[in-house]
Amino acid sequence: MWGGRFAAGPSAIMREINASIPFDKALWGQDIAASKAHVAMLGAQAIISADDAAKIAAGLDQVAAEYAAQGVPEDWDLEDIHMTTESRLAELIGPVAGRLHTARSRNDQVATDFRLWVRDMLDQTDAGLQALQVALVTRADEHAASIMPGFTHLQTAQPVTLGHHLLAYYEMVRRDRSRLAAARVRMNECPLGAAALAGTGFPIDRHATAAALGFDRPTANSLDSVSDRDFALDFLMAAAQISLHLSRLAEEFIIWASQPFGFVVLPDSLSTGSSIMPQKKNPDAAELVRGHAGRIVGSLTSLIITMKGLPLAYSKYMQDDKPPVFEAASLLALSIAAMTGMVAEARFRNQRMRAAAELGYATATDLADWLVRQADIPFRQAHHITGTAVRLAESRGIALDQLPLADLQEIDPRIDQRVFAALSVEASVAARVSHGGTAPAQVAQRVAQARRDLGLES
Ligand code: ARG
């Protein structure tokens, strides 16, 4: 494709280090679509004849059909998907194929193809996250009143509802989807027509190609167009954030499924056994979601470092943009699917969770709150009185509400019989009705809103 200037061909090492076809063949669909938009525009603008444009378009369809049926051939001499397609086109329709590259460069071509690919991935990721939200909201609805211990420092803190805990992840995913949406708006400008770096003297119509490819408008600066990889970084940053959220959810399932907790039984379909210990059922899918988060963040780091300090405009460094994005995208899709299945199919053990919530003096705050409300004691003082009660109960190995009233009154005479009603885990969660609180009524309200937002309710 560029042999004219050269006396000798590239060495084997040059061919190998230069070839991106082993990975950028994934862009073949986008490459054909962008070429078809380009050639239609060349014809419409009479830059090439209508007849040639039609021949090239038909040839491109034929190449696409071959790729779909047999895959993309990997010839290192042809470097990348752009040259592979053009070379096959020339074999099929002859020298007229050479008119396709008029007013275009591989620099704006790859920028366009890759944008189209990333745009599809933003949409697919969003659809995956929506399915995860549906699973979270469905299980939250079912468990709006299921009581479990809430933790801080992984120490029992206060009782919460499982529905509330699951909805916490619904909120994270909601923000993640807004990240994807914002990235999509920002990236949806078409670089095609920037040519190598400076634009072109041919009377191209960039608005036409932008519209044909579903972009909102053409990009505004040709140098920026061929050197910008913000769109790929935006995707990776969102992917990294999403994978962090998924890894936290995964770790909760890992902890909850361990025998001392026993809060959840993982679906067989998303667990594995041990080759030596017959009783084992391991949360491998969840563990790998955690592992994949590391690799996704690694992909982001990789492209950040590639782009750092690059002068304008296109440099070959940028060919290394695709492997990290491709890897992150497939790991992320798998992780989202795995966690969606886990949330949808896990069996939560309400009695174990409730029993755990009774341990660790989880309702101590409720005693302090009761003293504030019923006895008008300042909270700091109430905190101190409650601490004394906890210490006494702990020394006897009993729960707070098992302390005889007489002992409680010895600690503070203002305590009376009514306090016991406040000390149950049910009363504790039911009391937390503040906006965004864990009370079953609050959870039900948030579930209803979420279902409307997800279009599950008419
Ligand atoms: N395979 C290249 C890439 O992915 C396409 C652009 C090549 N442009 C060039 N001037 N060598 O970056």
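Structure shown above.
Residues numbered from 1 in each chain as written. Predicted model: local features only at pLDDT ≥ 70, side-chain atom pairs only at ≥ 80, totals over all residues. Heavy atoms only, no water.

**Some words on the overall build of the protein chain**
We apply this condition: We count a stretch as a helix when DSSP gives it H or I for four or more residues in a row; a strand needs E for two or more, and each element gets its number in order from the N terminus. Here the radius of gyration uses the C-alpha set of atoms, whereas the globule reference equals 2.2 Å times the residue count to the power 0.38. Buried, partly exposed and exposed residues are distinguished by accessible area as a fraction of the type maximum, computed with a 1.4 Å probe on protein chains only: under 20%, between the cut-offs, and over 50%, respectively. Throughout, a contact is declared for two residues whenever any of their heavy atoms are within 4.5 Å. The convention is simple: Lys and Arg are positive, Asp and Glu are negative, and His and the chain ends are not counted. Charge positions come from single atoms, namely NZ of Lys, CZ of Arg, CG of Asp or CD of Glu.
Looking only at helices and strands, the protein chain features 19 helices and six strands. The globule rule puts the C-alpha radius of gyration for 458 residues at 23 Å, and the 30 Å found for the protein chain is more than 25% above it. With the C-alpha coordinates aligned to their principal axes, the bounding extent of the protein chain is approximately 100 × 50 × 45 Å. Among the 458 residues that make up the protein chain, the fraction classed as buried is 49%. A fraction of 75% describes how many contacts in the protein chain between residues 6 or more apart in sequence connect residues 24 or more apart. Of the charged side chains in the protein chain, 43 are positive and 52 negative, and the gap between their average positions amounts to 3 Å.

**Re the site of the ligand**
Put simply, the test is: Throughout this document, a residue counts as near a molecule or strand when at least one of its heavy atoms sits within 4 Å of that molecule or strand. We define a polar contact as two N or O atoms separated by no more than 3.5 Å, with the added condition that, inside protein, one atom must be a possible hydrogen donor and the other a possible acceptor, whereas residues neighbouring each other in sequence contribute only through side-chain atom pairs. Exposure was quantified through the Shrake-Rupley algorithm and a 1.4 Å probe, taking into account, for residues, occlusion by the shown protein chains and nothing else.
In the vicinity of the ligand, the residues found are Ser20, Asp24, Asp80, His82, Arg106, Asn107, Val110, Tyr314, Lys316, Gln319 and Lys322. Asp80 is positioned with one of its side-chain polar atoms (N or O) 2.9 Å from a nitrogen atom of the ligand. Side-chain polar atom of Tyr314 to an oxygen atom of the ligand: 2.4 Å apart, as the coordinates give it. Relative to its free-state accessible area of 350 Å², the ligand is covered by the protein chains to the extent of 86%.

**What about the pairing of strand 2 (residues 155-161)?**
Regular strands have side chains that alternate between both faces of the sheet. What counts, and what does not: If DSSP finds at least two bridges between two strands, the strands pair.
As defined by bridge partners, strand 1 (residues 147-152) adjoins strand 2 across six bridges and the pair is classed as antiparallel. When the sheet's bridge partners are listed, Phe151 is paired in strand 2 with Thr156. With antiparallel pairing between neighbouring strands as the criterion, strand 1 and strand 2 make up a hairpin whose turn holds two residues, including His153 at a positive phi of roughly 60°.

**A closer look at the packing of aromatic side chains**
Convention followed: Each pair of aromatic rings taken from Phe, Tyr and Trp, with Trp reduced to its six-membered ring, is defined by centres within 6.5 Å and is described as stacked if the planes are under 30 degrees apart, edge-to-face if over 60, and tilted in the remaining cases.
Summed over the entire model, instances satisfying the criterion amount to nine aromatic pairs. Aromatic side chains Trp28 and Tyr67 sit 5.6 Å apart centroid to centroid with 75° between the ring planes, which places their arrangement in the edge-to-face category. On the criterion of sequence distance, the pair formed by Trp28 in helix 3 (residues 28-44) and Tyr67 in helix 4 (residues 50-70) is long-range, its members being 39 residues apart. Under the relative-accessibility criterion, Tyr67 is labelled buried at 4%.

**Considerations on the side chain of Asp412**
Considering the arrangement of structural elements, one finds Asp412 in the loop between helix 16 (405-411) and helix 17 (419-422). Here Arg414 takes part through its backbone nitrogen, which lies 2.9 Å from a polar atom of the side chain of Asp412.

**Things to note about the pattern of salt bridges**
Note the cut-off: By definition here, a salt bridge exists when the distance from a side-chain nitrogen of Lys or Arg to a carboxyl oxygen of Asp or Glu is within 4 Å.
This structure, assessed with the given rule, holds 32 salt bridges. Two residues, Arg88 and Glu66, come together in a salt bridge whose shortest N-O distance is 2.7 Å. Of the two residues, Arg88 is situated in helix 5 (residues 81-93) and Glu66 in helix 4; the sequence distance between them amounts to 22 residues. Judged by its relative accessible area of 26%, Arg88 falls in the partly exposed class. Accessibility expressed as a relative area gives 17% for Glu66, which makes it buried. Linking Arg354 and Glu426 is a salt bridge whose minimum nitrogen-to-oxygen distance equals 2.7 Å. Highlighted residues: Arg354 in helix 13 (residues 350-358) and Glu426 in helix 18 (residues 425-431), separated in sequence by 72 residues. On the accessibility criterion, Arg354 (29% relative accessible area) is partly exposed. For Glu426, a relative accessible area of 35% puts it in the partly exposed group.

**Comments concerning the environment of Gly150**
For Gly150, the position within the fold is in strand 1. Taking relative accessible area as the criterion, Gly150 reaches 10% and is therefore assigned buried. Separated by 92 residues in the primary sequence, Gly150 and Ala58 place their C-alpha atoms 63 Å from one another. Aside from chain neighbours lying at most four places away, what touches Gly150 is Gln155, Thr156, Ala157, Gln158, Pro159 and Val160.

**Considering the packing of helix 6 (residues 106-142) against helix 19 (residues 440-453)**
A pair of packed helices is characterised by two quantities: the angle between their axes and the separation of those axes. To keep things clear, this is the line we draw: Fitted lines through C-alpha atoms give the axes, limited to the stretch in contact for helices. The angle between two N-to-C directions lies from 0 to 180 degrees. By the definition adopted for this analysis, an angle is roughly parallel if under 35 degrees, roughly antiparallel if over 145, roughly perpendicular if from 65 to 115, and oblique otherwise. Working rule for handedness: look at the near helix, and if it is turned counterclockwise from the far one by less than a right angle, call the crossing left-handed; if clockwise, right-handed. Only Asp, Glu, Lys and Arg are considered charged, only Ala, Val, Leu, Ile, Met, Phe, Trp, Tyr, Cys and Pro nonpolar, and every remaining residue, Gly among them, polar.
For the pair helix 6 and helix 19, the least separation of the axes is 10 Å and the interaxial angle reads 150°. As judged from the angle between their axes, helix 6 and helix 19 are roughly antiparallel. The hand of the helix 6/helix 19 crossing is left-handed. Only Val443, Val447, Ala450 and Arg451 of helix 19 make contact with helix 6, whose side of the interface consists of Val137, Ala140 and Asp141. For the contact of helix 6 with helix 19, the class distribution of residues is five nonpolar, no polar and two charged.

**What about the nonpolar core?**
Convention followed: Side-chain atoms within 4.5 Å are what join buried Ala, Val, Leu, Ile, Met, Phe, Trp, Tyr and Cys residues into a set we call a nonpolar core.
Phe114, Trp117, Val118, Phe253 and Val325 are the most contacted members of the largest nonpolar core, which totals 93 residues. Element by element, the count of residues in this core is highest for helix 10 (residues 230-257), at 15 residues. Not counting residues within four places of it along the chain, the set of residues in contact with Trp117 comprises Ala26, Leu27, Gln30, Val325, Phe326 and Ala329. Judged by nonpolar contacts, the second largest core, of 21 residues, contains Ala375, Ile385, Leu403 and Ala422.

**Re unusual backbone geometry**
Note that the residue after Leu312, namely Ala313, is joined by a cis bond; omega there is 0°. Backbone geometry places Ala46, a non-glycine residue, at a positive phi of 55°. A residue is classified by how much of its surface remains accessible, and Ala46, at 62% relative accessible area, is exposed. In this model, Asp376 sits at a positive phi of 55°, which is unusual for a non-glycine residue. Looking at where Asp376 falls in the secondary structure, it is placed in the loop between helix 14 (364-375) and helix 15 (379-396).

**Structural notes on the packing of helix 14 against helix 15**
Where helix 14 meets helix 15, the axes come as close as 8 Å, and the angle between the chain directions of the two elements is 135°. Put simply, helix 14 runs oblique to helix 15. In the crossing of helix 14 with helix 15, the sense of the turn from one axis to the other is right-handed. On helix 15, the residues that touch Ala364, Leu367, Ala368, Asp369, Leu371 and Val372 of helix 14 are Phe379, Ala382, His383, Ile385, Thr386, Ala389 and Val390. Its residues assigned to classes, the contact of helix 14 with helix 15 comprises ten nonpolar, two polar and one charged.

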